[in-house]
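Listed below are the residues making up each chain.
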Amino acid sequence: MAKEYRLGPTRKAVNVVIGGLLKLGVPAPGKTSYLMTTKGRRSGLDRTTPVNLVESDGEQWLVSPYGDVSWVHNLRADATVRLSRGKHHDTWRAEEVDATTAAPILRLYIDQVRITAPFFDAKVGAPVEEFAAEAGQHPVFRLTAAAN
């Protein structure tokens, strides 16, 4: 059974360290990491968290390995998202995708970001069908360039 996500003091501290590195332009822990800013669905304030992107067939994808966390709710309310690392910022539109589309992206994600594997029932290298079965627990968003 997959591990349940809890944002405790240790995770908060890690997010602060990784967030600081990303603000300096250091892609920690890999070249796929960014600071993502969404608009709070209730407060309207900017909310920023570190994320890892998946690139597949020239497309960019956001995966929530921890389920329906706050940033997922924020994106569902307002699909505009800003990704930044150092002085580089891009604005995107996020579109949540269905299980069939999400499954291969989820498979790529846990292969790329192994630290999140315990939060999935499907294991690294499992058939894509196993990822489709749990896609409802790990929202996936396709990113497209935002119109200026």
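Before any of the text, the structure's been laid out above.
Here's what I pulled together on the structure shown here. Here the structure is a predicted model, which means the values were calculated and not measured.

1. Structural notes on the nonpolar core
Stage number 1. Counting residues in hydrophobic clusters, the biggest one holds 18 residues, and the most contacted among them are Val63, Leu106, Tyr109, Phe120, Phe131 and Val140.
Stage number 2. Elements supplying a minimum of two residues to this core: strand E3 (59-63) and helix H3 (99-112).
Stage number 3. Looking at this core, the element that brings in the most residues is H3, giving six residues.
Stage number 4. Each residue touching Leu106, except ones within four places of it in the same chain, is listed here: Val63, Phe120, Phe131, Ala135, His138 and Val140.
Stage number 5. Residues Tyr34, Val51, Val69 and Ala94 belong to the second largest nonpolar core, which totals 15 residues.

2. A look at the sheet that holds strand E4 (residues 80-85)
Stage number 1. Read around the barrel, six strands follow the order E1-E2-E3-E6-E5-E4 and close on themselves; strand pairing throughout is antiparallel. Across the sheet, the mean angle separating the axes of adjacent strands is 45° when strand polarity is ignored.
Stage number 2. In this sheet, strand E6 (residues 140-145) lies alongside E3 in antiparallel orientation, the contact comprising four bridges. In the strand pairing of E6, Val63 is matched with Val140.
Stage number 3. Helix-sheet contacts for helix H2 (residues 70-77) involve strand E1 (33-39), strand E2 (46-56), E3, E4, strand E5 (88-96) and E6, and the interaxial angle to E1 is about 55°.
Stage number 4. Packing against the sheet, H3 makes contact with E2, E3 and E6, and its axis sits at approximately 100° to E2.

3. A word on H3
Given 3.6 residues to a turn, an α-helix orients residues that are three or four positions apart in the same direction.
Stage number 1. Taking 1.5 Å of rise per residue, the 14 residues of H3 would be expected to cover 20 Å, and the 19 Å separating its terminal C-alpha atoms lies within 8% of that figure.
Stage number 2. Every buried residue of H3 is listed here: Ala102, Ala103, Ile105, Leu106, Tyr109 and Ile110.
Stage number 3. On its buried side, H3 packs onto E2, E3, helix H4 (128-133) and E6.

About the cut-offs
- Residues numbered from 1 in each chain as written.
- Predicted model: local features only at pLDDT ≥ 70, side-chain atom pairs only at ≥ 80, totals over all residues.
- Heavy atoms only, no water.
- Core = buried A, V, L, I, M, F, W, Y, C linked by side-chain atoms within 4.5 Å.
- Buried < 20%, exposed > 50% of the residue type's maximum accessible area, 1.4 Å probe, protein only.
- Helix = DSSP H or I, 4+ residues; strand = E, 2+ residues; numbered from the N terminus.
- Contact = heavy atoms within 4.5 Å.
- Pairing = 2+ DSSP bridges.
- Axes fitted to C-alpha atoms, helices over the stretch in contact; angles between N-to-C directions.
- Expected span 1.5 Å × (residues − 1).

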